[in-house]
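Structural overview
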Amino acid sequence: MSQFMNFANTFLMWKEGPLIWISDVLIGLTSIGIIAVLVYFKAFKWLWKEWLTTVDHKKIGIMYIIAALLMLFRGGVDALLMRTQLAFPNEHFLTAQHYDEIFTTHGTIMILFMAMPLVIGLMNVAVPLMIGARDVAFPYLNAISFWMFFFGAMLLNVSFVFGGSPDGGWTSYPPYVEKMFDPGPGENYYIMALQIAGIGTIATGVNFIVTILKMRAPGMTLMKMPMFVWSILITSALIVFAFPALTVVLAQLLIDRIAGAHFFSTTAGGMPMNFINEFWIWGHPEVYIVILPAFGVFSEVVSTFSSKRLFGYSAMVGSMVAITFLSFGVWVHHFFTMGAGAAVNSFFGISTMAIAIPTGVKIFNWLSTMYKGRIRFTLPMMWTSAFIPSFVLGGGVTGVMLAVAPADYQFHNSYFLVAHFHYTLVGGTVFGMLAGLYYWWPKMFGFQLDERRGRHAFWWFVIGFNVCFLPQFLLGLMGMTRRMYTYPSGLGWWIPNFISTIGGFMMGVGFLLLVYQIVWSVRHMPRGVADDPWDARTLEWSLPSPAPEYNFARTPIIHGRDEWWYIKRGKFEQEFVEPTIQPIHMPKSSGRPFLIGLFMFVAGFGFVFEWYVLVVLGLLAVLVLMAWRSFEFDYYHHIPVSVVEKTEKALGRL
Amino acid sequence: MRRTRRWLKTGITSAILVVLLTGCGVQVPVLQPKGPVGQEELKLIVFPFILMAIVAFIVFALFAWIMVKYRAKPENEGYVPPETDGNTLLETIWTVIPIIIVVAIAIPTVIVTFKLLKPPTPTVAAKSNTNPNPSKQTVVIYVASSEWKWLFAYPQYGIETVNHLEIPVGQPVDFQLTAIGPMNSFWIPALGGMEMDMPGKDLGLWLQADSPGTYLGRSAQYSGKGFAHMTFNVTAQSQTDFEQWVKQVKANSPKLTATEYKKLLQPSTVGTMDFAGFVNPNGYNGSMSKTGMPGVRAGMPIPSDIKSTGDSSTGSGSSSGKSGS
């Protein structure tokens, strides 16, 4: 008994008090609930056959999005806990330690496990459909990427109730995160969760570069690709060049922590600044990895709902390429105050300001696309409209202000900075991904989301967002720094903080309304009317909603940009490579990607607690599974013509 | 004359900003700087803000007009939008204008970035005859953050303080920053921008207070549980009062012993303290060398040794004690 209590106190953290107990009970109940539902509907087999083992890019995309929305909930709860703590001065709702853990998991989850999977989910769903492909180039690898991400995310979330969450901030600067100052397992969780998910992400980058370069339908030259596909091509390149830096820096930190090395320690020649440089060499491109796909979505949405061609297509492509190159040359602006010297700071200040130029070009091109259009304010268009002012304020005005190195000495690490990056990440990425989610929802599920309920969610979220983050610019100028778990009264910080908290909860209401809208729409919205509900322009809308497993019964031949729009207008004729339907070559489902993810989790868990038996077992299992794949030759099948014809008939296409 | 006008302009703009932002009586130290460094930085906050605000205003106006004018209404049901691919002239214009704006902001950025490396011009002449080290006109202060407190040393005067600073008004102060333990960031928003302090590094920061008063300083870089409490008051007073204070500390405060010093390096939060010099003459000789805090590089044990041998009574919770190396 005492042995159990010892275990419970050390690993389950029962001594931490009611917050943990409640979480334990809730997690237990949720797990029981999920299992009960699966048993009741005898759905285990369905779950395994249709989802866990799938290599279909559409289903993988949907799983990414579901996971991302769950993580948005988790990260959002973290945010509301923080805002509750900061609503009043000298509050002690959370202890310092709890607050430190919560802001760390909030940042880590929102960027790595919410924004990233939302982006990757949408690109999985849309890109193959937009380029006339039947799947991504490496469907099996795609499944591995997903399960690596999923189990990485699970590993970080387990930390909350088993062993303790990381408390070094999402940027995790040494020497604080060295074992000397931060002993517990929390920081190891951070390292392993990001490491596992990050390796999956690199594979995704490779996968989509190859998919886009090699699998476009005949006729679709690079400059005839939809803008979203361009944005994903560029994002994938960014991933492939940036993420290895993260992999290396996390590995170094892990070696420091579990093997007593001195890469980033303060003694024996270690150099903490190296971590910070390496981290931001990944970290700044990462910002563009999550924002460029949003730019791609806006380009599609603006053009579709204005019923107009995208204005300045080549300039849009050029500006994205420019942003990509510049994004690798600005990382020092995350630490102007670290004494790199005036020449270095000047260089990185100017390179940062230069990014405003291509970004400005994009904004003006979107406005010109809308100009003389006929703008339909549907939900995707509304989220796009909310993006433009938010991003001009967050990325444009305050972004340039922060790039001015001497001024940054006053902004750095203050709430001014916090407000700035929330304006870009929420106002840019989240709004963009929600616009994309609404836009492609009919394509994913075959029905639309209810407009009226969606508008309620929209207004609550967008107004709440501004109420939450506008006062934070002021708080920064008043001298409040990020990551303070409490603040004294008498500095005038209370009112802006209180307003900010109100805004935070309004965003929470917005999120709940969004969930309600989805649930309501699942139950009540009419099915089978959503093949091309937006009168859209690109290839995916020529398909049934949802698209069949093989996407295209016959491979289309592309004539130009906005192919589907001009087919509908009679300017292009619909042509196919194959005169009649042929057997379709498709990859087979496999349970191994799931198992690889699971065993990576086991190995990662072993690293966290330095239980090397688990590490060896986990990694060995992964190796065996990989070897098994190497000797597999029967990994594809052909869908016979009769089945394709039957499916197409049922969809009313023949 | 031109300078005055410029100051006036900056002053008025920032005053408007302050009023707009805060209503009444609230302190916004970044916008109400009390020294030349902060004022220099304020100019570089206001100028880009105005330029960018103009751009933002144009975008917002265009955006609002387009949204209202071209929205789908029943009246324009049959309207077919024109097919426009682009417009080279327009696209050139909105590429060139931002380039001009960036250049306009970049020039003062570079100038001030280099300027801030040099000490600001004193507004009050230093009384070199009372200065114990006449070769140095400015006050040098060694700053070191430790888990979770600020240690300050005045090498020219041979005194140390914890969690509070006294500086002469109108004189540039040469802060030499280092850290014992995790890094922090030394920030006195009313006087000027921050600089990080890191173990094994000496980073410099010039600040100067032009009017007497007490200003709040804090750490701006998260360093663990006690980080939010790493605040200190900076009292700027006349040279005479400052030297009076130095004399008082020398006369009335205890010496900083090795035991006391070790205790200060343990993770804890403490109040303010004064010390009349470091007791170990080898560890600290009051010279002008940039050695950081007494003992960090001169004979005192390095932090990891202190941590592994230190008692945990002063440490608190999970972040204390244990050595990893």
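Residues numbered from 1 in each chain as written. Chains lettered and ligands numbered in written order. Predicted model: local features only at pLDDT ≥ 70, side-chain atom pairs only at ≥ 80, totals over all residues.

Now for the UniProt feature "domain: Cytochrome oxidase subunit I profile" (unreviewed entry) in chain A. Mapped onto the present numbering, the UniProt feature "domain: Cytochrome oxidase subunit I profile" (unreviewed entry) falls at residues 42-559 of chain A. Within the segment residues 42-559 of chain A, helix and strand shares are 69% and 0% respectively, and the terminal C-alpha atoms sit 48 Å apart. (UniProt positions renumbered as here; feature names shortened; annotations may be inferred. Helix = DSSP H or I, 4+ residues; strand = E, 2+ residues; numbered from the N terminus.)

Here the focus is the nonpolar core. Residues and elements named next belong to chain A. Ranked by internal contacts, the top residues of the largest apolar core, which has 280 residues, are Ala 193, Val 229 and Trp 383. Broken down by element, the residue count for this core peaks at 22 residues, all from helix α5 (residues 96-130). In contact with Ala 193, other than residues within four places in its own chain, are Gly 152, Ala 153, Leu 155 and Leu 156. (Core = buried A, V, L, I, M, F, W, Y, C linked by C-beta atoms within 7 Å. Buried ≥ 20, exposed ≤ 12 C-beta atoms within 10 Å, placed from the backbone. Contact = placed C-beta atoms within 7 Å.)

Strand residues, when the strand is regular, have side chains that alternate between the two faces of the sheet. All names here are of chain B. Covered by surrounding structure in strand β10 (residues 231-237) are Phe 232, Val 234 and Ala 236 only, the residues Thr 231, Asn 233, Thr 235 and Gln 237 on the alternate face being uncovered. Two elements, strand β9 (residues 213-219) and β10, share six bridges in a ladder whose sense is antiparallel. Across the sheet, the residue bridging to Gly 217 is Phe 232, located in β10. (Pairing = 2+ DSSP bridges.)

We now examine the pairing of strand β6 (residues 184-188) of chain B. Residues and elements named next belong to chain B. Extensive coverage of β6 is indicated by the burial of five of its five residues. Going residue by residue along β6, you find Asn 184, Phe 186 and Ile 188 tucked away on one face and Ser 185 and Trp 187 tucked away on the opposite face as well. Of the pairings in the sheet, the one linking β6 to strand β7 (residues 192-197) comprises four bridges and is antiparallel in character. The partner of Phe 186 across the bridge, within β7, is Glu 195. Connecting β6 to the next strand, β7, in antiparallel fashion are three residues. Bridge count between β6 and β9: two bridges; the pairing is antiparallel. In the sheet register, Trp 187 faces β9, and the bridge partner there is Arg 218.

Contact residues are listed per partner, giving 82 residues for chain A and 85 residues for chain B. For the side of chain A that touches chain B, the elements supplying multiple residues, two or more each, are α5, α10 (313-327), α11 (342-370), α12 (379-403), α13 (405-411) and α15 (451-477) of chain A. By residue number, the principal contributor to the side of chain A that touches chain B is α11 of chain A, which donates 15 residues. For the side of chain A that touches chain B, the residue count by class is 45 nonpolar, 27 polar and 10 charged. (Nonpolar A, V, L, I, M, F, W, Y, C, P; charged D, E, K, R; others polar.)

Here the focus is the domain arrangement of chain B. Residue and element names in this part refer to chain B. Its domain assignment divides chain B into domain 1 (26-70 + 87-118) and domain 2 (139-310). Counting residues at the interface gives 10 residues for domain 1 and 13 residues for domain 2. Taken together, the residues of the side of domain 1 that touches domain 2 sort by class into six nonpolar, two polar and two charged. (Domains from an automatic or database assignment.)

Each pair of packed helices can be summarised by the angle the axes make with each other and by the distance between the axes. Residue and element names in this part refer to chain A. Axis separation between helix α4 (residues 57-86) and helix α6 (residues 139-158) bottoms out at 10 Å; the angle between their running directions is 15°. Judged by the angle between their axes, α4 and α6 are roughly parallel. The two elements α4 and α6 cross, and the hand of that crossing is left-handed. Along the contact surface, α4 presents His 57, Ile 60, Met 63, Tyr 64, Ala 67, Met 71 and Arg 74, while α6 presents Pro 139, Asn 142, Ala 143, Phe 146, Phe 150, Ala 153 and Asn 157. Broken down by class, the residue content of the contact of α4 with α6 amounts to 10 nonpolar, three polar and one charged. (Axes fitted to C-alpha atoms, helices over the stretch in contact; angles between N-to-C directions. Parallel < 35°, antiparallel > 145°, perpendicular 65-115°, else oblique. Left-handed = near helix turned anticlockwise from the far one by under 90°.)

In a beta sheet, neighbouring strands are held together by backbone hydrogen bonds and run either parallel or antiparallel to one another. All names here are of chain B. The strand order β8-β5-β1-β2-β3-β11 describes an open sheet built from six strands, whose pairing is mixed. Of all the strands in the sheet, the pair left with one neighbour each is β8 (203-207) and β11 (273-275). The average angle at which neighbouring strand axes cross in this sheet is 25°, direction not considered. Examined bridge by bridge, strand β2 (residues 149-154) and strand β3 (residues 159-162) share four bridges and lie antiparallel to one another. Bridge pairing links Phe 152 to Thr 161 in β3.

This next bit is on the domain arrangement of chain A. All names here are of chain A. Once the domains are mapped, chain A shows domain 1 (1-42) and domain 2 (59-305 + 598-609). In this structure, domain 1 and domain 2 have C-alpha centres spaced 27 Å apart. Residue-level contacts link seven residues of domain 1 with five residues of domain 2. Residue classes in the side of domain 1 that touches domain 2 are distributed as five nonpolar, one polar and one charged.

A separate point is the packing of α5 of chain A against helix α14 (residues 415-445) of chain A. Residue and element names in this part refer to chain A. Interaxial distance between α5 and α14 falls to 10 Å at its minimum, and their mutual angle equals 35°. Crossing of α5 against α14: the hand is left-handed. Listed contacts from α14 to Ala 115, Leu 118, Val 119, Leu 122, Val 125, Ala 126 and Leu 129 of α5 are Leu 425, Thr 429, Met 433, Gly 436, Leu 437, Trp 440, Lys 443 and Met 444. Looking at the contact of α5 with α14, its residues break down into 12 nonpolar, two polar and one charged.

Another aspect to go through is the environment of Val 577 of chain A. Residue and element names in this part refer to chain A. By the element assignment, Val 577 lies in the loop between β2 (575-576) and β3 (584-587). With 14 C-beta atoms counted inside 10 Å, the residue Val 577 sits in the partly exposed group. Between the C-alpha atom of Val 577 and that of Pro 556, which follows or precedes it by 21 residues, the distance is 6.1 Å. Every residue in contact with Val 577, bar those within four places of it in the chain, is listed here: Pro 218, Arg 554, Thr 555 and Ile 557.

On to the sheet that holds strand β4 (residues 164-168) of chain B, then. Residues and elements named next belong to chain B. Strands sit in the order β4-β10-β9-β6-β7 across an open sheet of five strands; the sheet is mixed. This sheet does not close on itself; its edge strands, each paired only once, are β4 and β7. Within the sheet, the average angular offset between the axes of one strand and its neighbour, ignoring direction, is 20°.

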